[in-house]
Amino acid sequence: MIRLQQDDFEVGEFIEEARSRGTGAIVTFIGIVRDDGIEGIELEAYHDVAEQELAIIRDEAMREFPLHNVDIIHRTGPLRVGDNIVLIVVSAGHRKEAFLGCEYVIDRLKQTVPIWKKEFRKDGEHWVEGE
């Protein structure tokens with residue numbers, strides 16, 4: 001599943017969906033808004049292109065590694081410190097492939113997906129571009 005959404009996600013649901021008889025490992029990555037002197041962030045995306053790019057990344061990961069399943073859920077909109085940002089769930093027959101596949105997905109996502117972040121600083125004066 002590839003999805004951009006404003007609502008939070010339930011991690012357990014995606015883990016259960018990734019299980020199959022041949023699955024020996026499920027690796028998850030959850031990105032969370034951390035307190036780097038900010039109150040929150042706002043994420044914007046070029047939705048159509050971002051979803052297409054996420055699908056390309058999923059397909060690349062599944063070709064590169066013997067994976068059973070790859071789910072990528074990325075939130076947009078305003079988020080506060082402690083909120084979930086992104087969920088990646090990767091299943092495979094073995095742990096090494098699952099870990100490598102998950103790492104590949106998050107690294108490629110950061111490089112190529114058109115999602116932009118603005119940070120709201122605790123000084124309350126203005127939004128500033130984040131990295």
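Residues numbered from 1 in each chain as written. Predicted model: local features only at pLDDT ≥ 70, side-chain atom pairs only at ≥ 80, totals over all residues. Heavy atoms only, no water.

## What to know about helix H3 (residues 95-112)
Compared with an ideal rise of 1.5 Å per residue, which puts 18 residues at 26 Å, H3 spans 26 Å between its outermost C-alpha atoms and is within 8% of the ideal. Buried residues belonging to H3 abut strand S2 (25-32), helix H2 (47-64), strand S4 (67-75) and strand S6 (84-92). (Helix = DSSP H or I, 4+ residues; strand = E, 2+ residues; numbered from the N terminus. Expected span 1.5 Å × (residues − 1). Contact = heavy atoms within 4.5 Å.)

## Details of the environment of Asp71
Among the secondary structure elements, Asp71 is positioned in strand S4. Counting along the chain gives 57 residues from Asp71 to Phe14, while the straight-line C-alpha distance between them is 7.6 Å. Filtering out sequence-adjacent residues up to four positions away, Asp71 remains in contact with Met1, Phe14, Leu87, Ile88 and Val89. Polar side-chain contacts of Asp71 include one of 2.5 Å to the backbone nitrogen of Met1. A distance of 3.1 Å separates polar atoms of two side chains, one belonging to Asp71 and the other to Asn69. (Polar contact = N/O pair within 3.5 Å; in protein donor to acceptor, adjacent residues only side chain to side chain.)

## A look at the nonpolar core
Counting 30 residues, the largest nonpolar core has Ile72 and Ile88 as its most contacted members. Counting residues per element, the ones that place at least two in this core are strand S1 (2-5), S2, strand S3 (38-45), H2, S4, S6 and H3. Ignoring sequence-local partners within four residues, the contact set of Ile72 consists of Met1, Ile2, Arg3, Leu54, Arg58, Leu87, Ile88, Val105 and Leu109. Phe9, Ala18, Ile73 and Val89 belong to the second largest nonpolar core, which has seven residues in total. (Core = buried A, V, L, I, M, F, W, Y, C linked by side-chain atoms within 4.5 Å. Buried < 20%, exposed > 50% of the residue type's maximum accessible area, 1.4 Å probe, protein only.)

## A look at the pattern of salt bridges
Scanning the entire structure with this criterion turns up eight salt bridges. The residue Arg19 makes a salt bridge to Glu16 at a minimum N-O spacing of 3.2 Å. When the shortest N-O distance is used, the salt bridge between Arg108 and Glu60 registers 3.1 Å. With Arg108 in helix H3 and Glu60 in helix H2, this pair connects stretches of sequence that are 48 residues apart. Taking relative accessible area as the criterion, Arg108 reaches 19% and is therefore assigned buried. (Salt bridge = Lys/Arg side-chain N within 4 Å of Asp/Glu carboxyl O.)

## Quick notes on the packing of H2 against H3
Two elements in contact, H2 and H3, have axes whose closest approach is 10 Å; the angle formed by their N-to-C orientations is 150°. With respect to H3, the element H2 is oriented roughly antiparallel. For H2 against H3, the interelement crossing comes out right-handed. Of the residues in H3, those in contact with Glu53, Leu54, Ile57, Glu60 and Ala61 of H2 are Gly101, Tyr104, Val105, Arg108, Leu109 and Thr112. Looking at the contact of H2 with H3 residue by residue, the classes come out as six nonpolar, two polar and three charged. (Axes fitted to C-alpha atoms, helices over the stretch in contact; angles between N-to-C directions. Parallel < 35°, antiparallel > 145°, perpendicular 65-115°, else oblique. Left-handed = near helix turned anticlockwise from the far one by under 90°. Nonpolar A, V, L, I, M, F, W, Y, C, P; charged D, E, K, R; others polar.)

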